[in-house]
Amino acid sequence: MLAVHLVSLFFSKLQEDPTKKVDRFLHAMRLHDDQLIDISKRFLAEMKKGLSAESTAAAAVKMLPTQVRSTPDGSEKGQFLALDLGGSKFKVLRVKVREDVGIRKGGVELEEKTYLIPKELQVGRADELFDHVSESLKDFLHEKNISPKKKHPLAFTFSFPCEHPSLDQGLLLNWCKNYRVRGLQGKDVVKALKQAVDRAGDMDIEVLAMVDDTVATMMTCGFDDQCCEVGLIIGTGTNACYMEELRHIDLVEGDEGRMCVNTEWGAFGDDGALDHFITEFDRDVDAASLNPGKQIFEKMVSGMYLGELVRLVLLKMAKLGLLFDGHVSDALRTKGKITTADVAAMEEYRSGLKNTKDILTHLHLSPSPDDCIAVQQVSTIVSFRSSNLVAAGLTAILTRIRQNRNLRGLRITIGVDGTVYKTHPQYSKRLHKVVRRLLPDCQVRFVLSESGSSKGAALVAAVAQRLTSQRRRVDEALSLFPLKQQQLQLVKSRMREGLEDGLKSRGCTIKMLPSFVYHTPDGTERGKYLALDLGGTNFRAMLVRFKRQKSQLYHKIYTIPLEIMQGTGEELFDHLAQCVCDFLDYMGLKKARLPTGFTFSFPCEQSGIDTGTLVSWTKGFKATDCVGQDVVSMLREAIKRRNEFDLDIVALVNDTVGTMMSCAYEDPQCEIGMIAGTGSNLCYMEELKNIKKIEQSNGSTNTNKGKLEGEEDENAAVEAVKSDGTAEKSKMCINTEWGGLGDDRCLDDIITPYDTEVDIQSVNPGKQRFEKLTSGMYLGEIVRQVLLDLTRRSLLFKGHVSETLKTPGIFETKYLSQIESDRLALLQVRSILQQLGLHSTCDDSIIVKEVCGAVSCRAAQLCGAGMAAVVDKIREDRRLDRLSITVGVDGALYKLHPHFSQVLKETVRVMAPQCDVTFLPSEEGSGKGAALIAAVVRHRQEI
C-alpha cells in the first residue's frame, strides 16, 4: 500500500508542476555546458576542414571566402546604390556615407523602396528574375530623380550561398528559402545582373561588391564599432561570418592580412557530427523538409523551423496523453500551424500565458492552465536549445580567432541581425549569457544591426572603394623604390667609373684606400696571434691559434664607457691597454710578445700595413687629440705607459678587410670582403699595377717608402713592391669605401624625396649617399620618413601623426628584419608597431610591411649592382671569360634580414652573368681576420 501511495504522490507532483513533466520529456534538448563545449570543438574541427584545400570538398561547413579583406575604419565616404535580394521581397536603396554636411553621427543615410518578388519568378527563369530586379532599379532611379546617365557604384546583397572568385563575382552554389530559379546555379550572379541592367537600358551601373546578409551585417555594425569582426544572422535562416587570417584560407592566394569567411554553418551536422544531439523531432522536421539530410544545424536553430519543432513536440505529448487530456486537433496535425512568431509570443514575460492560451485555442484545443504552462515550457526549451547551439558555434569562432592571434583573452564585437534575435523576448539574453560563460576570458559585445544588410553591402562597396584608392596612392609612393634593370645597369656603370677614378687619384667619391694587405691566407699559417677589435661601444680581445687549416679562438668583450668614448685620446687608449692586459693575464700570456692584428673600424688613411691616420670619429666616439694621429702609435704608447706587457702590432685593418681574410682562411677563392650591417662597404684584391696613387712601403713600418703614384711602367711597379727581393706582390686589398658613391650627385635620378630628407637630417649632409641608401644605419629612418608621409596623407594610422612617428631614429633597422620575416604573423607586426607607440590596424600592418620590403629590397639591389661592377672588373682585369670567386660577408643586415641576401645574390647573378659568385658568411667576424693578417705578414716576412 505504501508503494502505491508513493507512486500516486509522485504523479500528483508531476501534475502540480507541469514544467518538470516537460523537462523530463525533452531532457535530450536540455544541453549542458560540457555538451556545448563538445559541440563547439566539433564545429572548430569542421571550420579547419572547410578552410583546407585538401578537405574542403568533403567538408559540411564550406567556409566560403568572401573577398572582403577589411572592416570599416570610419573614414569611408561616397554615395552608392544598393540591392538587397534574399526573400519574397527585395529592396533598392540609395546609401550616402558621410556625404552631406550635418549628417547624423552614424554617418550613413538611407533612402529605400521595397518591391515584391512574385512567386512565379522565384521558381522561374534567371533572366526573368533579374529583368524584374533591373526594372525595379530603373523605377527607383526615376522616382528619386537620380540621373541614369551618371555612373553609379552599386552594392548587391544576395543572401544565397555563393563562391566569390572576386569581390564583384559570385557563383551560385544552390538555392534556398523556397527559391528554385532555373539557369543560374554554378553561374556568376553579378554577370546575370549586369546583363539584365544592359537589357533595361538607360543606366550606367558599376557593381563594386556582392555579399551575403551575414557579411553585410558585420560591416554595418563594424562602421560604428571597429572591434566588430563577426557577423551573425538568427532569423528565418542562420549563418555566421568572421575575419579569418588569410594565411589559413587555402582557396585564396596570399598570406598577408585577413578575409571575411562566410561559414555557411547551417550545414553543420550534415555529415553526422551532430547525431548524438539530434532528437526524434529534429528527424521528423528534416524528413518533411524540401532538402532532407541537409542544413541540419539550421533546422535545429533557425526561425524557419522552431515553430514546427514546437508543434511536433506538442503533437507527440498530446498523443501520449500528457497534454490536452490526449485530445489532438486537425490544426495541431497540420504542418506550419505554429510559427516562430508564436513561439516568441508564448515566451513573453507578462502576457506569455495568455498568448499561449490564445494560440492553442486558435488550434481548436482546450488547454488547461497547466497545459498552457507546459506548452510555454516546451517553447522555452526549444528556443533555449537554439540559443545554446548558436552560442556553441560562436564559441568555436571566437576560440579560433583567439588562437589565430595567440591571445589569452579577446575583446571583440559581434554584429547581429535576424527576426529571432530581434523579436524573441529572451533569446538574446540567453545567447549572451551562455557565450560569456563558455568564454570567461573574452570580452564579447553584441551589437544589433539597426539598418539591415543593405547598409552593410554599401559599406562593403565603400570599404572596397577606400582600399582601391588607398592602394593606388600607396603604390604610387612605393613605386619610387623598385629599380628597373636599366637603372641598375647605370648604378653598376657609375660604380665601375668610381672604382677606376679612385685607383688613379685622391679626392674621389670612392676613396679606394690601400690596405697594404698583399696576400690572402694559403692554409700554411701557424701559431698564436692576438687580435684586437674596436668598432663600437665594445672592445674585443682575442687569442687565435692556427694549426693545419683549423683555428681556435678565445675572446673576452669589454665595454667602452661613454665617458671614455668622449674623453681624451690618451684615456681611451689607456683603457684599451688595460683591457688587453686583463685578457693576457686571463690567458696566462702576459709575458709573451704576440704578433697582433688591430681591427679599427673608423676611417683611416693608411701609408703602411701597420700605420693608420684617423680621418674622423663615427659611431658616437668623440675622443680628443686623435683625429690626424696614427692610432697604432697611440696604442703602442699606451702599452708602453702601462709597462706590464708588450705587443708586436704588425697590422692595422678595417672590418671589411678582416672579414675577407677570415673567410679566405676557409675558402681560398675568397678575394672580396663585404660589410652589410650598420655600415656598408666592400674590399677586394686589386691588381697592383692598377693602383696609380699609392705610396708603397718597402717594409712593415714607415721607412724606405717608394712612390708609385703616376707610375707608367708596370714591370717597374711590380719590381718596386718586392719587400725583401724574394716575395713578389702582384695584388693588394683595396678598401673601396664605396659608401661615397653619389656624393657627386651621380645617383640623383634614383634618390627619392624620402632619401633626401634622411640626408638633410644626417650629421654629414651630402656625404656617403650610397651608404645612406644601403646600410642599416639609415634604412629604418627611410622607412620612418615614408610612414610619416603616408600618415600625413591619411593612408596610415587613420591619419594620426604620433609623437613617436615624428622622432628621428625611432624606427630601427632591426624592425625591418623582424617585420619582413615570413614566419611573422601580422598580429606580431602590430605588436612591434604598438611597442613603438604606433597603433595599427591589420591593413596598416600590411602597408608597413610593404614599405619595409620596398626599402630593404632596393638596398639589396644597389649592393648587388655595386658588387657586379667589382666582380666584372676583376674578371676583365684578369682577362677571363668566366670568373669564379667568393665573397666573405659580415653584418646584421645580410645575416639577419630574411630577404636581403637572396635579393643581393639574384641581382649579382643577373648583372654579372659571366661571374660565378659565392657568398660566404663570416663566422668569427673581422677579429679573426685581423689575426690572420698578422699571421700572413709574419709568414711573408719569414720567407
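Source: prediction; values computed, not measured. (Residues numbered from 1 in each chain as written. Predicted model: local features only at pLDDT ≥ 70, side-chain atom pairs only at ≥ 80, totals over all residues. Heavy atoms only, no water.)

**With respect to the packing of helix H10 (residues 303–319) against helix H14 (residues 369–404)**
Selection rule: Axis definition: a line fitted to C-alpha atoms, limited for helices to the stretch in contact. Angles are taken between N-to-C directions and run from 0 to 180 degrees. In this text, helices come from DSSP runs of H or I with a minimum length of four residues, and strands from runs of E with a minimum of two, each type numbered from the N-terminal end. Every angle not falling under 35 degrees, over 145, or within 65 to 115 is termed oblique; those three ranges are roughly parallel, roughly antiparallel and roughly perpendicular. Crossings are sorted by hand: turned counterclockwise from the far helix by less than a right angle, the near helix makes the crossing left-handed, and turned clockwise it makes it right-handed. Contacts between residues were defined by any pair of non-hydrogen atoms, one from each residue, lying within 4.5 Å. Gly counts as polar in this scheme, as do all residues outside two lists: the nonpolar Ala, Val, Leu, Ile, Met, Phe, Trp, Tyr, Cys and Pro, and the charged Asp, Glu, Lys and Arg.
The geometry of H10 relative to H14 is characterised by a closest axis approach of 10 Å and an angle of 135° between their N-to-C directions. One element, H10, and the other, H14, form an angle in the oblique class. Judged by the twist between their axes, the crossing of H10 over H14 is right-handed. Where H10 approaches H14, its residues Leu306, Leu309, Val310, Val313, Leu314 and Met317 are matched on the opposing element by Val375, Val378, Ser379, Val382, Arg385 and Ser386. Residues that form the contact of H10 with H14 fall into these classes: nine nonpolar, two polar and one charged.

**A short note on the pattern of salt bridges**
What counts here: What makes a salt bridge here is a side-chain nitrogen of Lys or Arg within 4 Å of a carboxyl oxygen of Asp or Glu, nothing more. Three exposure classes are used, based on accessible area relative to the maximum for each residue type with a 1.4 Å probe and protein chains only: buried under 20%, partly exposed in between, and exposed over 50%.
With the rule as written, the count across this model stands at 60 salt bridges. Its salt-bridge partner being Arg593, residue Asp646 comes within 2.9 Å of it at the nearest N-O pair. Highlighted residues: Asp646 in the loop between helix H21 (631–642) and strand S21 (648–653) and Arg593 in the loop between helix H20 (569–587) and strand S18 (595–600), separated in sequence by 53 residues. Residue Asp872 pairs with Arg875 through a salt bridge whose shortest N-O separation is 3.4 Å. Taken together, the positions of Asp872 and Arg875, both in helix H30 (residues 842–877) and three residues apart, correspond to about one turn of that helix. In this pair, the class of Asp872 matches that of Arg875, namely buried. Residues participating in the shared-partner salt-bridge network are Lys492, Arg496, Glu500, Asp872, Arg875 and Glu876.

**Description of the pairing of strand S27 (residues 883–890)**
Put simply, the rule is: If DSSP finds at least two bridges between two strands, the strands pair.
The buried fraction of S27 amounts to seven of the eight residues, a majority that puts the element mostly inside the structure. Sheet topology note: the strand S22 (residues 670–676)/S27 ladder contains five bridges and is parallel. Bridge pairing links Ile675 to Asp890 in S27. Across seven bridges, the pairing between S27 and strand S28 (residues 915–921) is parallel.

**Some thoughts on the sheet that holds strand S9 (residues 228–234)**
Across the sheet, six strands lie side by side as S1-S11-S10-S9-S12-S13; this open sheet has mixed pairing. Of all strands in the sheet, those with a lone pairing partner are strand S1 (64–65) and strand S13 (442–448), marking the two edges. Sheet strands in contact with helix H7 (residues 213–224) are S9, strand S10 (238–245), strand S11 (258–262), strand S12 (410–417) and S13, and its direction is about 130° off that of S9.

**Looking at the confidence of the model for the chain**
Our working rule: The pLDDT value expresses, per residue, how confident the predictor is, ranging between 0 and 100.
Confidence along the chain averages 88 in pLDDT terms, with 92% of residues attaining 70 or more. Taken together, the stretch residues 1–14 has pLDDT below 50 and engages in three contacts with residues farther than four places along the chain or on a different chain. Contacts from residues 101–105, a stretch scored under 50 in pLDDT, to residues over four places away or in other chains number four contacts.

**Digging into helix H3 (residues 33–51)**
Condition: Working rule for helices: expected span equals 1.5 Å times residues minus one. Note that the arc is computed from the directions linking the helix axis to the C-beta atoms.
Along its 19 residues, H3 runs 27 Å from first to last C-alpha, staying within 8% of the 27 Å computed at 1.5 Å per residue. Inspection of H3 places Leu36, Ile39, Ser40, Phe43, Leu44, Glu46, Met47, Gly50 and Leu51 among the buried residues, and these make up the whole buried set. Buried residues in H3, looked at end-on, bunch into an arc of 165°, giving them a common side. Among the exposed residues of H3, those oriented more than 90 degrees off its buried face are Asp34, Lys41 and Lys48.

**Observations regarding the sheet that holds strand S14 (residues 513–514)**
A sheet is described by the order of its strands in space; here six strands give the open sequence S14-S26-S23-S22-S27-S28, paired in mixed fashion. Every interior strand has two partners, whereas the edge strands, S14 and S28, have only one. Contacting S22, strand S23 (680–687), S27 and S28, H30 crosses the sheet at an angle of about 5° to S23.

**Observations concerning the pairing of S9**
Among the seven residues in S9, seven count as buried, and that is most of the element. As judged from the five bridges shared by S9 and S12, these two strands associate in the parallel manner. The residue of S12 that forms the bridge with Leu232 is Val416. The pairing of S9 with S10 spans five bridges and is antiparallel. Opposite Val230, over in S10, you have Tyr242 as the bridge partner. Remark: three residues form the turn of the hairpin made by S9 and S10, two consecutive strands paired antiparallel.

**Quick word on the packing of aromatic side chains**
For clarity, the cut-off: Centres within 6.5 Å make a pair out of two Phe, Tyr or Trp rings, where for Trp the six-membered ring is used; the pair is then stacked when the planes are under 30 degrees apart, edge-to-face when over 60, and tilted otherwise.
Under the criterion given, the structure shown has 21 aromatic pairs. Judged by centre distance (4.9 Å) and plane angle (55°), the rings of Phe158 and Phe160 are tilted. According to the relative accessible area criterion, Phe160 is buried, its value standing at 2%. Here the aromatic rings of Phe811 and Tyr815 are separated by 5.8 Å at their centres, their planes lie at 70°, and the arrangement is edge-to-face.

**A few points about the side chain of Ser136**
Tracing the chain through its elements places Ser136 in helix H5 (residues 126–143). For Ser136, a relative accessible area of 5% corresponds to the buried category. Ignoring anything within four residues of it in the chain, the contact list for Ser136 reads Phe90, Val92 and Tyr115.

**Regarding unusual backbone geometry**
If you check the backbone angles, Phe516 has positive phi at about 65° while not being a glycine. Here Phe516 is to be found in the loop between S14 and strand S15 (527–534). On the basis of relative accessible area, Phe516 is assigned to the buried category, the value being 4%. One non-glycine residue, Glu737, adopts positive backbone phi at about 50°. Mapped onto the elements of the fold, Glu737 is located in the loop between strand S26 (731–735) and helix H24 (753–761).

**Comments concerning the environment of Gly612**
Turning to its location among the elements, Gly612 is positioned in strand S20 (residues 611–614). C-alpha of Gly612 to C-alpha of Val653: the two residues are 41 residues apart in sequence and 8.7 Å apart in space.

**Focus on the state of the cysteines**
Each disulfide is one covalent bond, formed between the sulfur atoms of two cysteines. Inclusion rule: The term disulfide is used for any two cysteine sulfur atoms that are within 2.5 Å.
Inspection of every chain in the model, using the stated rule, returns zero disulfides. Looking at the unpaired Cys581, the closest cysteine sulfur is the one in Cys579, lying at 9.9 Å. The structure places no disulfide on Cys746, whose sulfur is separated from the nearest cysteine sulfur, that of Cys508, by 12 Å.

**Considerations on the environment of Val632**
As for its position among the elements, Val632 is in helix H21. Residues contacting Val632, with those up to four places away along its chain left out, are Asp610, Thr611, Ile649 and Leu652.

**Comments concerning the side chain of Thr263**
The condition is simple: Under this definition, polar contacts are N or O atom pairs within 3.5 Å; protein pairs additionally need one hydrogen-donor-capable and one acceptor-capable atom, and for neighbouring residues in sequence, both atoms have to be side-chain atoms.
Counting through the fold element by element, Thr263 comes out in the loop between S11 and helix H8 (280–287). On the basis of relative accessible area, Thr263 is assigned to the buried category, the value being 0%. Side chain to side chain, Thr263 and Asn239 meet in a polar contact 3.3 Å long. Residues within four places of Thr263 in sequence aside, it is in contact with Phe43, Val61, Lys62, Met63, Asn239, Ala240, Cys241, Tyr242 and Ile397.

**With respect to the environment of Thr263**
Once the C-alpha coordinates of Thr263 and Asp34 are considered, the two residues, 229 residues apart in sequence, prove to be 24 Å apart. A distance of 3.2 Å separates a polar side-chain atom of Thr263 from the backbone nitrogen of Trp265.

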